[in-house]
Amino acid sequence: MLPMFVADGIDEPAPIASMPGVVQHTRESLRAAAADAVSAGVGGLMLFGVPRAEDKDAAGSAGVNPDGILNVALRDLAKDLGDATVLMADTCLDEFTDHGHCGVLDERGRVDNDATLKRYVELAVAQADSGAHVVGPSGMMDGQVGAIRDGLDAAGHRDVVILAYAAKFASAFYGPFREAVSSSLSGDRHTYQQEPGNAREALREVQLDLDEGADIVMVKPALGYLDIVSAAAATSTVPVAAYQVSGEYAMICAAAANGWIDERAAALESLTSIRRAGADIVLTYWAAGAANWLS
Ligand code: PBG
């Protein structure tokens, strides 16, 4: 599955310096790149929206707004591609909030879990209305899967799938992604993402999401967390996904650019390892490249 970024208010695709070959797309360039990726054989597209800085606010309204960049781009791709691919959307607030957190904040500046759930339901419904087949809540709020399932069902979107970021660790390997979405974050996400040393908690989080109705459970990052992928695959009753994140991609690209490593061989080896650990689905910035290499 290929993660893709679409930005509002740009005329040309904008390269992401720390992720060679990855860009913030315009609506038009996204449509072309998505069609290319689908014809190369990727299994699906995961879309992230990047609003204009002046459209960010404390509540992340640009994510819910039907005319916000992510929802508009979903409608473009749903129209172009129909059921030729699996269209997925990042269901999170961090791209849209002026403070950069994945949730709304309380009066003391802390992420307010339950107030955030209401926003996530609005986001998910807006994305499903715009044509997303799959919503991907990535904010690690407690109860997010159950709340979104109830909200989607009530809105008539009973067939929309929930890809739950079930075990998402507070990782240093998301660094380049924050450039990719022009993040406004100044602090960190340790109050809602997981402690990297705690494997049992990760498995508890996977089980909670299964109990709440997740259709796919995801572990993230991938390479440093293959033990969690493997343990989740051993017990999960639904498909397990793993996200090879921006920092994993950037490391191999940087070493390859120095001539220290062979990009194609290292990328395919890391993808094979993730698959070997038990992932049924892999999100990777090499998705289109790998599809071409493997064809
Ligand atoms: C949050 C989100 C993040 C990523 C995907 N969804 C960033 C974060 O938690 O800070 C990271 C993906 C990557 O690093 O490739 N909406």
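Residues numbered from 1 in each chain as written. Predicted model: local features only at pLDDT ≥ 70, side-chain atom pairs only at ≥ 80, totals over all residues. Heavy atoms only, no water.

The protein chain is annotated in an unreviewed UniProt entry as Delta-aminolevulinic acid dehydratase of Mycobacterium cookii. We quote the UniProt Function (unreviewed entry) comment for the protein chain here in full: "Catalyzes an early step in the biosynthesis of tetrapyrroles. Binds two molecules of 5-aminolevulinate per subunit, each at a distinct site, and catalyzes their condensation to form porphobilinogen." As recorded by UniProt, the Sequence similarities (unreviewed entry) comment attached to the protein chain reads in full: "Belongs to the ALAD family." (UniProt positions renumbered as here; feature names shortened; annotations may be inferred.)

Draft legend 1. Just the site of the ligand, in detail. Around the ligand sit 17 residues in total, of which Asp94, Arg178, Lys220, Ser246 and Tyr285 are the nearest. Contact distances for the ligand include 2.6 Å between a nitrogen atom and a side-chain N or O atom of Asp94. At 2.8 Å from an oxygen atom of the ligand is found a side-chain nitrogen or oxygen belonging to Arg189. About the coverage of the ligand: the protein hides 100% of its 410 Å² of free accessible area. Class assignment for the residues of the shell around the ligand results in 7 nonpolar, 3 polar and 7 charged. (Near = heavy atom within 4 Å. Polar contact = N/O pair within 3.5 Å; in protein donor to acceptor, adjacent residues only side chain to side chain. Areas by Shrake-Rupley, 256 points an atom, 1.4 Å probe, with all protein chains shown as cover. Nonpolar A, V, L, I, M, F, W, Y, C, P; charged D, E, K, R; others polar.)

Draft legend 2. Structural view of the UniProt feature "active site" (unreviewed entry) in the protein chain. Under the feature "active site" (unreviewed entry), the UniProt entry names Lys168 and Lys220. Spanning 53 residues, the named residues nonetheless gather at one spot, since no C-alpha pair among them exceeds 4.9 Å. Following the sequence through the fold, Lys168 ends up in strand S7 (residues 161–168). Look at Lys168 and you get buried, because its relative accessible area is 6%. The contacts of Lys168, once residues within four sequence positions are left out, are Ser138, Met140, Tyr174, Gln193, Gln194 and Lys220. Polar contacts involving the side chain of Lys168 include one to the main-chain carbonyl oxygen of Ser138, which spans 2.9 Å. (Helix = DSSP H or I, 4+ residues; strand = E, 2+ residues; numbered from the N terminus. Buried < 20%, exposed > 50% of the residue type's maximum accessible area, 1.4 Å probe, protein only. Contact = heavy atoms within 4.5 Å.)

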